[in-house]
Structure formats: structure tokens, C-alpha cells
Amino acid sequence: TVGAGNPLDCDQPLASALPASAFSGSSELSSSHGPGFARLNRRDGAGGWTPRVSNRSQWLQIDLGDRVVVTAVATQGGYGSSSWVTSYLLMFSDSGRNWKLYRREESIAGFPGNTNADSVVRHRLRPPMEARHLRFLPSAWNPDGRIGMRVEVYGCRFRSDVMDFDGKSSLLYRFVQSTRNPMKDIISLKFKTRQSDGLLLHRRGRNGDFFTLELVKGRLLLITNSGTASPSPSGPGSVALGSLLDDQHWHSVLLEHARQHMTLSVDRHSRQFQARGQLSHADLDPEISFGGILAPGKSVTFQRKHFDGCLENINFNGEDIIDLAKKHRPQILIRGNASFSCSQPQSVLVTFPSAGSRLVLPGTPAQDGVSISFQFRTWNQAGLLLSCRHPRGSTGFVLRLRDGALRLGLSPSPGHVRSDIMAGAGLNDGQWHSVSLTARRNQLSVVVDQVGVSPSGCLSSGSGSECEASLAGFQGCLRLISINAQEVDLISVQRGVLGNFSSLDIDSCGIRDRCLPNRCEHGGRCSQTWTAFHCNCSGTGYTGATCRQPLYEQSCEAYKHRGESLGRYYVDPDGSGPLQPFPVFCNMTDVPWTVMQHNSSALTRVKGADQNNPHWAVFQYEASLEQLRAIIAGARHCQQMLEFYCRRSRLRDPQDGTPLSWWVGSTHGTRTYWAGSMPEAQTCACGLAGNCVDSQHLCNCDADQDEWTSLLSGILWARSGKGSFWNSASFHTETSYLHFPTLHAELSADVSFFFKTRASSGVFLENLGITDFISLELRSPREVAFSFDVGNGPCEVTVRAPGPLNDDRWHLVRAERNIKEAWLQVDLLPPGTHTAPEDGHMRLQLNSQLFVEVSAHFGAGSSVTYNFHEFYPLSTNSSPHAASFHGDMTLARERITFSFQTLQTPSLLLYVDSFYNKYLSVILAKNGSLQIRYKLGLHEDPDVFNFNFKNMADGHLHHVKINREEGVVFVEVDQKALSQVSLSSGMEFSAVKSLVLGKILEPGDHVDEDTARAGARGFSGCLSALQFERTAPLKAALHPGRSGRASVLGPVASSECGARPGIGRVREHKHARAERPGAAEQGKPVENGNRGGSALIGGVVAVAIFILLCMAAVAVHLYQQRSLCATTEVEGPRKTECASGPAC
């Protein structure tokens, strides 16, 4: 059992023991294909559930008997059949009504299904969910068969204590002060309601102090008040979290209060903040109200609407409040009708998910006209809500949403002009809005949210009408539809008994808030429609789909490189990082200077200042301290200037040497040295040089002369650094690389750098996860490619240049990936973009597995096998006929690169096998020539391609690149001309199983004779830098503590054989915190990936695979990626910090 705050092992099968009556479906093909036969690994009936027709309207439903925690689901196809589901949706409900779609990563709705009838595919739910009813909705299935499903649900029981509040009731909990945790108060609960407003809890203290947690327009609002101001839901003491919380589904709330620190969590979103004034948890009264404000014997000036809905598992510092109420404990006071069950009324909702969705309902006869009422919610500004026409072709009307307001249009009748009226405003805010429309005796009226408009218009009477909702465009949800005071039974519509519809989701509302959390960066303003969100970046200093691309350069040097002249510019030293751009003056000398200005650049005359009445000069810069530190950190040289003229104005007291003038820097330490001197030198520059106007004093000002004869000016402090704009690195060999910290780029990342090279192709950077990756490469002399996979399948953006990029000149590459799009630009060429799916995977999950140029020496008879699929043990209730877990890896294209060195012929260099007896082999023939064999058809002989190069078993290192695009194969050997051949045996490499290096241990009868002969002998020599698509088999095999994907037999050892003579060694540099790569459960996201690992050129894994003469200004900009190290003021000559502002 899992209850509030008590998570235990929760992975027991829940569906296998249920009776057949617990399973139901939309339809069944026959009595032996009924939903009662849908248990996993069972062969009852026809071996699973199959509906009468296979379409996206079918569903399989399970009643789990009680509300449970669901942690995983598993599916199979129909036993021994061609019926299986390849993808499906999962919905859940408490009551069997008002279904909600389960989403992973807050965006992914679907689950990959099966590739055959008997394999089991299991998906762990992250996060788990609580529900009684589950629905599996097939969205794709075997095109050569039907829908077929057997399922299992995993989880455990859920402990639930609930109370039903009717909008007038409340509960007061009083506790003994000494029993409370003195350090922190923790309140947790769950709630569900269909009301957008209502108070959840309230706690008060002395002098008007209190905090209140309430629903306001479907958002959870925490209002704090320290007694010094009037409370306001929109005031500075309020924090809002969550959205659309009035959906009649359970939502979790956690509130932590420690002194003035508060943390509010709603479902998966959290916010930390400081309570106003002195609102400490220790100063509040020992009582809390739930559902409404209940304060017997006290005046209540802060009135709020009571909560109408259900509360569950209310817990305060470990105390179960509802359990105390059930036991009638004296700490509990209940007022009103509150019951210990959740009996909220259920309304049937309908979702119009697309612009083509429609619902047609018959009108009931009425002599005096027609009346229609309903409620709707949407994000769209426009859409047709309703049209009503009379059967005789007389006047009808149309109700549409336009610019967020309702517009009611009368269809003109003979002799009359069409008229439109408008009602409401801002109705596309995602809230429920009520509409009541009446047409009687040539009069038309519409009421929106209890505000009515009654214009005149012509409307002929009729005996009946037909009303049609959403003919062209409305996307949103409707509920409580009534025609002539009779509520429409939408379940009858769903069953085909009443009216007709197309492309509707009945009994659920699929609205989502795509602006929660706000994915617009740098203060961009988020707006949304039903299908997408958009960012308004105006005034932020950034642009792009998510306001990530900076509008301004990082430094004056960058502006000079652009050809700009001196003047004022905005700079953004951390690019896409959190610092905002700020203005500077750029002096474009041979070495550009960046001047940061403040509010006191002119000379200020000071009169009458003394120790009792000092004069303070405070310098306010146009940049913040963090911005100043960033610009200083990126400068090659930085200095602070100061001018000080004196007339009868000493720097030190002549009696005791007390400083009379000083300056204070950013660390707030007093500094008494001046330009040309050093900290604590007790002298000025003239004293050090021995040329002061009065030899008795060490500073000119201390001579106390009655004329402006002394000038103290110059560089107050200076700092030298390396700068950052033209930091460069040279890659002289194919095995050279750069080592960087781990790339943290789950939601967004950008990379920019200059490069120049003579090489025709090569990888700039590459980062690998278990399945995800991100890569930038020079694909050809004229093409740069940016490719990645965040779980939606490989995506690629390319930019082609009109001329060669390997011209040994500098070229700028900028790439960005965010949840809206991927973007790539080379120099000033038009950028390439790739739009991300709105409901696809968002998070790029990389781990700390390293990929470098790994080389291995193979001894005689040795073998390395890399399995592309992990194999998992079957569940304890599985039958002996069930197959092992595996997915279907089907390739229409693949890229393979490797290097080898051997004296043996024949030799097997590489062999890739599939579950369907398809294969690829790369061998050296007996004469040492290279042969590539593809067998992609089930019945055809393999395609054999001979490349008549010289004998390649000559002991030298050779490089091979193979790139297949469906039926065309491109081969490059030792960077010579590309060869192109065509396949005849097929174009899809389906169900790829494993890759073998060296000896083939189980060749099978489907392998041709030459491949079998080479595979029996294996390979003896060196293999290096092997990559199959995004997989590094040698790395997996030689990694200490390798995962179960790779197995090694015989003498295979890490070697330096891949390094060219005289070039140096190929080494792996491993971060101390790097962990072994773990295999992910199929459908399971990467978990606990080590974020402290190392990377090469921008991330965990990066390889420079070509001879690059120089790459400069590698800048990987990520949130919280850059650590700004400020120079601090210290006692000593080496480190100082500016007093008033640097020029860099």
C-alpha cells in the first residue's frame, strides 16, 4: 500500500487476478475476441481482445476495483496472430467518466507498442499515477492485420482518506504547540474540483499575519500577509502556481514553511520564495482552517469563497487530519455538510481536438423558437462554435469566436440585411465560460457569463431546427450542452444513438496549458493556441522561437570583427546565458576597448568636507556587478581610471596618519591606495618615484598647498587575462580532441564557434546518451549538418554553402536546439530550421558515457558482439510461450565508419545481423580486396560489391566509410573518391539484432558462403574508431564494467594501434566521476545520469574526426553553465578590484 509520504516497492501485477467482467471494450470481433481475454501471456478465447473494426475510436478498459497506484503497463498482441498494436494512448479516470490522457515529460501522450504478436513491451510510468479505471486506445497497428491486445498493469494499492466539501462547509484543526516541529511546518494534501475558485486552507497569526492557499481562476494562489498591508490576490505577497486545476482530477499540493522561507509545490511544479515581513511559521496560531475560514470567537475580515470539491490525505507535520475527523477527535471542528466520501457530480465533456471536428445534434420542436446553452473553454481566439438552421430554409444564426469575443450573426432573410452582435471579451483564456442563447419571436439574445446582450433582428419561427457545433474551426472543450432546456446525452452521441459526430473525444477535455512552465527564456512573454505556444521576445534583447538567441554581440571585439566603428553598443557577454545585455562604449582601436560608464564621469567640486561631515561620491554603473564581472572575465586587459585634484585637501591626517580619503569596491572593503601605487603602500606614485612637490610628504595632496598644483590621476588598478574571443585550438591529427565538462542541454542549448580547415569532412562535436544524441559535422566541403535525437527519431538541419568551406579561411557556425525548433547558420547564409513536434519529446537526455577514438587489438579467434536490444526477464506470471522483450530497430539508412590494420586474409571486419535473417557483412577477400555484402530481402541472394583496391591486408591503417540511403550505398576508402552502388535485395534493414567484430559465433544458415568462411576465421589485427550510426561497439566492449549489450570472447584488448606513426597516442581521458553506462528499460527515460562527467568539444562525448587546422571561440552557452569568477580585493599587490568601473 502506498499512501501520502509512504512510497514502498510498488510493482505488483494488478490486472491478471481480475475477473473477466473488469475488462470492457468499445467492441469485439467475436465472443472469443472479447475484452475478458486481454490478460497478458494468456491464450484464453482467441488469445486476446480484438475489436469489430480497427480504427482510432476503439478502446480497451480495465476497472481495477479501487483506486491504485499505477507504475507500469505492458502489452502483447493477440496470441499467434497478425493482430498487434504498434502504438497506443493511455487514459485514466476515478469514476469511469471524465477521462484524462496520461502524458510523459508533460508532453508525450503515446507509448510505442509491439512489433509482433507475442513479445512483451513494458513501459514504466514516470511519474506514476493514481486511478481506478484505465483505457488503452490503439493509435496504430500492424498494417497487415488487426488491432489485438493483451495487457498487464503494475502497481500497488493506494491509501485514501477523503472529505467532500459542498461549498459551505469547513474544517478547523487545532493542535498543541509543543508537539509541532520547531524548524518547519509541512502541509500536504490532494484536491479535485470543477469550480475555478475556492479556499483550500487558511492560517492566521498575531497582528493580522496570515497565509491563505486558494484556487483563483483554476490556478493555486498562496497569499501571505504580515499585517502591514491589505491582502490582494494580485499583490506582491501572492505566488501563483498550476493551471486548469478545476478539471475534476486529483492534484497534489505540498507547502513547506520554515521561518520566512516557503516552498509551494503543485503536481510537478515548485516555487521557493520569501514570505512578506516577519511571517514566520513559529509566530502563527496553532490552528488551520480547510475548505473555508473557520475562526470561532474571532472576527474574520478576510472573506473568501468556500471550496466546493474533495480533499484527500490532508497531512500536517505527519498528522492525518481526515483520520482525526473520522474519529471525532477534539482537535477537529467541522461546520456544514462535509462527508467522508467523494460524491462530486460528473458532467460529460467533449473535446474538439482539430479544426475539422464537428458535432451535429437534432433540435426539439418548439413553437416560440429555440434556446441553447453550453459552457466552453479554449485558447484559440477564433472558431465557429455553433450554427443553427431551420428546416424550411428560413433565417438561422451562427455563433462564432473572433478575437476572443463571441459574435452572433443572423442569416439574412428576404428584405433584411445581415447583422452581427458581439458579447464577452478575452474568452480565449482557458477558463470555462457559459453561453445562453435564445431566439424567440424575431428576437435574439445571448448571455455570456451572466452578462446579456439583446439586439433586435429578424428570425422566422419554425417547428424545429438542426444545430451544428464546430463546423469549421473551433478547438476546445464543451460541457453542459442543452437544447430547449433538455441536456444533451453525450454518451448516447458516443454510442451513435443520438446525432452524429466526427473527430471528437467524448467524455474528456484535452485542454493543456502549454505556457506552464513558461518555456520562453529571458523574460519572453508566452501566449498559446490549442496546439502550440509562442514567445513574444520584444524588449528582451533576444530573439528566436524561445527568446534564446542574443540580439547583441558578446564584446566590442566581436563588433569590430563585424566591421563596426566606435560608438555605444549593447553587449551580452554570456550570450544566451542568464545575464541581460547592457550598454557600453566601444573604442575601436587596434585592440578594441570596452568602456563602462557611470553617472559621475564629470569632475565634481567638493567644499567643506571633514571627518564629521564627509563627502560621499557613489558611482552607479549602467551594468550590474554580475555584468561587470562577466565583461572583466572575458577581457585580455582591464583597468580602472581615477582623477583627483586637490587644493588644501590632505589624504591623511598629519597627526596620526588616519586616512581622510578612501574608496570602496564591490566587496565593500575600504581601500586607501591610489593610482600608481599598491595596496597598503602608504604612499602615492610620486612618493614611489621620489618626485613629490614637497619631499617631506609621500603624496602631493598632503603638501596642503593653497593652489591647484597637485594632480592625482591614472590607472587605479589593472588586470590582465587571456580574453575569450580568439581563444583557439589546433587539431593536427584525426585523433585530436578537446575535453569539456558535461553538456547539460535537456531543454535548450546553443553552440557557436569559428573554424578553418582543408579537410573535406569531419565531426565538430558529438554528444551521446543511451538513445539521444546531438552532433555537428562538416558533411562535405559545402555542407554543415546539425543532427540530434531527443526521442522523436533522428532529426537533421543542414546548410549548404555556395562555395567550399574547406578553404582554410575562418567560418562561423551557430547552432541552437530548443523545444520549439532546431536552428543552424553558417557565416551569414540563410539559416536552416527544423520545427519540433508540439507534442513530442522535449528533453535531450545525455549521460556521462565517454566516446573517444577507441582502438582494440584482436587476437586469433576473438569476438566482440554488441546487441542493439537489451533482453529482460519475463514477469513472474508469464507463460512459457511468451517471447523475450525486444523492440524493432528498422533502418532505411545507416552510416558506418571504422579503421583497421591487419595482415590476415580472408578476414571479417564487421557483421550486422537481424531477427529476420537480413544482414550486412564487410570482409577482406582472400586477395585482400574489400567486399561489402547486403542481404535486405528475405528470399533474394545478397548484393555483393567488390572494391578492387590493392591488397588492404598490408599492415597499414586503412579508413572505411559506408553510407547507405535506402537502395543506394556510398563507400569511401582512405579518403579517396566516393564509390556509389545500388542494392537489388531490398531497402529496409528491419529488426536489427546485433553487430559482430571478429569471429561469428552463430552464423546461421542464411549467411552466404564467403561471409561464413571469413566469419569462421574472424579477424586478427587492429580495429579503431568504429561507429555504427550513433553506437560505439568498441567503446561499450572495452569500457570497465561494461553493460550487458556487449560481450567479449577471446583476446581483445585496448590498444594504441589506431594512432598513426609519429602522430602520438590515442588516449581516453576519463573524468573521475564518470560512471558505467546503464541500459535503459525499453520505453524508460534515462535516470540518474551523471551530470558531472566530461566531454569533448561541448559535452560528454565529442570527437574531432578530421584534421582541423584551427577552431576558435568555442562557446557552448547553457543556463547556469558559466561560472563567473570575480577578481576580489585582497591585502597584497597581486589581486585588486575596481572601485568605480573598468575599461576592458
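Counting restarts for each chain, with residues numbered from 1 along the sequence as it is written. Local features in this predicted model are restricted to residues whose pLDDT is 70 or higher, and side-chain atom pairs enter the listing and the counts only when it is 80 or higher, whereas totals over whole chains, interfaces and linings include all residues. Neither water nor hydrogens contribute to the side-chain values; these are computed over all heavy atoms in the structure.

The protein chain has the name Contactin-associated protein-like 4 in an unreviewed UniProt entry, where Neovison vison is given as its organism. We quote the UniProt Subcellular location (unreviewed entry) comment for the protein chain here in full: "Membrane". What UniProt records for the protein chain under Sequence similarities (unreviewed entry) is the sentence "Belongs to the neurexin family." UniProt positions are given in the numbering used here, feature names are shortened, and annotations may be inferred rather than shown by experiment.

(A) Geometry of the overall build of the protein chain. Looking only at helices and strands, one finds 7 helices and 75 strands in the protein chain. Working definition: with a 1.4 Å probe on protein chains only, accessible area under 20% of the residue-type maximum means buried, over 50% means exposed, and in between means partly exposed. Out of the 1144 residues in the protein chain, the part that is buried amounts to 53%. Just so you have it, the protein chain exposes about 50000 Å², and 49% of that area is on carbon and sulfur atoms. Only DSSP runs of H or I with at least four residues qualify as helices, and only runs of E with at least two residues qualify as strands; both kinds are numbered from the N terminus onward. For the area figures, the Shrake-Rupley method with a 1.4 Å probe applies, and any residue is considered shielded solely by the protein chains shown.

(B) Fine view of the state of the cysteines. When the sulfur atoms of two cysteines come within 2.5 Å, that pair is taken as a disulfide. Evaluation of the coordinates by the stated rule reveals 10 disulfides. Across the disulfide, Cys-477 is cross-linked to Cys-509 (sulfur-sulfur distance 2.1 Å). Looking along the S-S bond of the Cys-477-Cys-509 disulfide, the torsion reads about 95 degrees, which is the right-handed sense. Note that Cys-477 is positioned in strand β34 (residues 476–483) and Cys-509 in the loop between β37 (505–506) and β38 (525–528), a separation of 32 residues in sequence. A disulfide bridge connects Cys-515 with Cys-526, and the sulfur atoms are separated by 1.9 Å. On the S-S bond that ties Cys-515 to Cys-526, the torsion sits near -80 degrees, and the link is left-handed. Within this pair, whereas Cys-515 is found in the loop between β37 and β38, its partner Cys-526 is found in strand β38, the two being separated by 11 residues in sequence. Under the relative-accessibility criterion, Cys-515 is labelled buried at 17%. Its relative accessible area of 23% is what places Cys-526 among the partly exposed residues.

(C) Highlighting the sheet that holds strand β55 (residues 795–800). If you walk across this open sheet you meet the 4 strands as β52-β53-β54-β55, and the pairing is antiparallel. The open sheet has two edge strands, β52 (762–768) and β55, and neither has a second partner. Across the sheet, the mean angle separating the axes of adjacent strands is 15 degrees when strand polarity is ignored. Pairing of strand β53 (residues 773–780) with strand β54 (residues 783–789) involves 7 bridges; the strand directions are antiparallel. By the bridge assignment, Leu-776 is partnered in β54 with Phe-786. DSSP calls a pair of strands paired once it identifies at least 2 bridges connecting them. All axes here are fitted lines through C-alpha atoms, helices being fitted over the stretch that makes contact, and every angle between N-to-C directions spans 0 to 180 degrees.

(D) Layout of the sheet that holds strand β71 (residues 1046–1049). On the basis of which strands lie adjacent, the open sheet formed by 7 strands has the order β65-β64-β63-β62-β69-β60-β71 and antiparallel pairing. The open sheet has two edge strands with one neighbour each: β65 (943–947) and β71. Across this sheet, the average inter-strand angle for adjacent strands is 10 degrees, counted without regard to direction. Bridging between strand β62 (residues 907–914) and strand β69 (residues 992–998) involves 4 bridges; their strand directions are antiparallel. Residue pairing across strands places Asp-913 opposite Ser-994, the latter belonging to β69. Residue contacts are counted whenever heavy atoms from the two residues lie within 4.5 Å of one another. Taken strand by strand, helix α6 (residues 1009–1017) contacts β62, β63 (919–924), β64 (930–935) and β69, and its axis lies near 115 degrees from that of β62.

(E) Examining the packing of aromatic side chains more closely. Pairs were defined over the aromatic rings of Phe, Tyr and Trp, the Trp ring being its six-membered one, requiring ring centres within 6.5 Å. Orientation was assigned from the angle between planes: stacked under 30 degrees, edge-to-face over 60, tilted for the rest. In this structure the tally under the stated criterion is 22 aromatic pairs. Between Tyr-102 and Phe-111, the aromatic rings sit 6.1 Å apart at their centres with planes inclined by 15 degrees, giving stacked as the arrangement. Accessibility classification places Tyr-102 together with Phe-111 in one group, the buried group. Grouped by ring-pair contacts, the aromatic residues Tyr-88, Tyr-102, Phe-111 and Phe-136 constitute a single cluster. We count a charge as sitting over a ring when the NZ of a lysine or the CZ of an arginine lies within 6 Å of the ring centre and within 35 degrees of the ring normal. Sitting over the face of the ring of Tyr-154, Arg-122 holds its NZ or CZ atom 4.2 Å from the ring centroid.

(F) Structural view of the environment of Gly-575. Mapped onto the elements, Gly-575 comes out in the loop between β42 (567–571) and β43 (582–587). For Gly-575, a relative accessible area of 3% puts it in the buried group. Taking C-alpha positions, Gly-575 is 7.7 Å from Gln-549, a pair spaced 26 residues apart along the chain.

(G) Quick peek at α6. Every buried residue of α6 is accounted for by Thr-1011, Ala-1014 and Gly-1015. The arc that holds every buried residue of α6, seen down its axis, measures 100 degrees, which confines them to one face. Residues of α6 that are buried in the fold lie against β62, β63, β64 and β69. Under the rule applied, a polar contact is a pair of N or O atoms within 3.5 Å (in protein, one hydrogen donor and one hydrogen acceptor; residues adjacent in sequence only if both atoms are side-chain atoms). Two to three positions downstream of the cap, the backbone nitrogen of Asp-1010 sits 3.2 Å from a side-chain oxygen, assigning the N-cap of α6 to Asp-1008. Read the arc as the range of directions from the helix axis to the C-beta atoms.

(H) Fine view of the pattern of salt bridges. Salt bridges, as used here, are contacts in which a Lys or Arg side-chain nitrogen is within 4 Å of a carboxyl oxygen on Asp or Glu. One pass over the full model with this rule turns up 43 salt bridges. Residue Arg-150 is joined to Asp-118 by a salt bridge in which the shortest nitrogen-to-oxygen separation is 3.0 Å. In this pair, Arg-150 is assigned in strand β8 (residues 150–157) and Asp-118 in the loop between β6 (110–112) and β7 (121–141), connecting sequence segments 32 residues apart. Judged by relative accessible area, Arg-150 falls into the buried class, the value being 1%. Each of the salt bridges in this network shares a partner with another, and the network as a whole consists of Arg-67, Asp-94, Glu-130, Lys-190, Lys-192 and Glu-312.

(I) View of the pairing of strand β18 (residues 269–274). Relative to β18, strand β17 (residues 261–266) is paired through 6 bridges, and the arrangement is antiparallel. Within the sheet, the bridge partner assigned to Met-262 lies in β18 and is Phe-273. Hairpin geometry of β17 and β18 is characterised by an intervening segment of 2 residues between the two adjacent antiparallel strands and by a positive phi of about 55 degrees at Asp-267.

(J) Seen up close, the environment of Leu-920. If you trace the backbone, Leu-920 turns up in strand β63. By relative accessible area, Leu-920 is classed as buried at 0%. Separated by 13 residues in the primary sequence, Leu-920 and Arg-933 place their C-alpha atoms 5.6 Å from one another.

(K) Local environment of the pairing of strand β67 (residues 968–973). Bridge analysis of strand β66 (residues 958–965) against β67 gives 6 bridges, and the strand direction is antiparallel. When the bridges of β67 are listed, Ile-962 appears paired with Val-971. Counting the residues in the hairpin turn of β66 and β67 gives 2 residues, including Glu-966, whose phi is positive at 55 degrees. Across 4 bridges, β67 lies against strand β68 (residues 979–982) in antiparallel orientation. Directly across from Val-969, in β68, lies its bridge partner Val-981. Counted along the chain from β67 to the antiparallel partner β68, the turn is 5 residues long, and its residue Asp-974 has a positive phi close to 55 degrees.

(L) Main features of unusual backbone geometry. The amide bond that connects Arg-126 to the next residue, Pro-127, takes the cis arrangement and shows omega of 5 degrees. Along the chain, the position of Pro-127 falls in strand β7. In this model, Leu-516 is joined to Pro-517 through a cis peptide bond whose omega is -5 degrees. Mapping Pro-517 onto the fold places it in the loop between β37 and β38. The phi torsion at Ser-503 lies on the positive side, around 55 degrees, for a residue other than glycine. For Ser-503, a relative accessible area of 46% gives the class partly exposed. Even without glycine at this site, Asp-827 takes up a positive phi of about 50 degrees. Mapping Asp-827 onto the fold places it in the loop between β57 (821–826) and β58 (832–835). Relative accessible area serves as the criterion here: at 24%, Asp-827 is assigned to the partly exposed category.

(M) Molecular detail of the side chain of Arg-67. On the secondary structure map, Arg-67 appears in strand β3 (residues 60–76). Judged by its relative accessible area of 10%, Arg-67 falls in the buried class.

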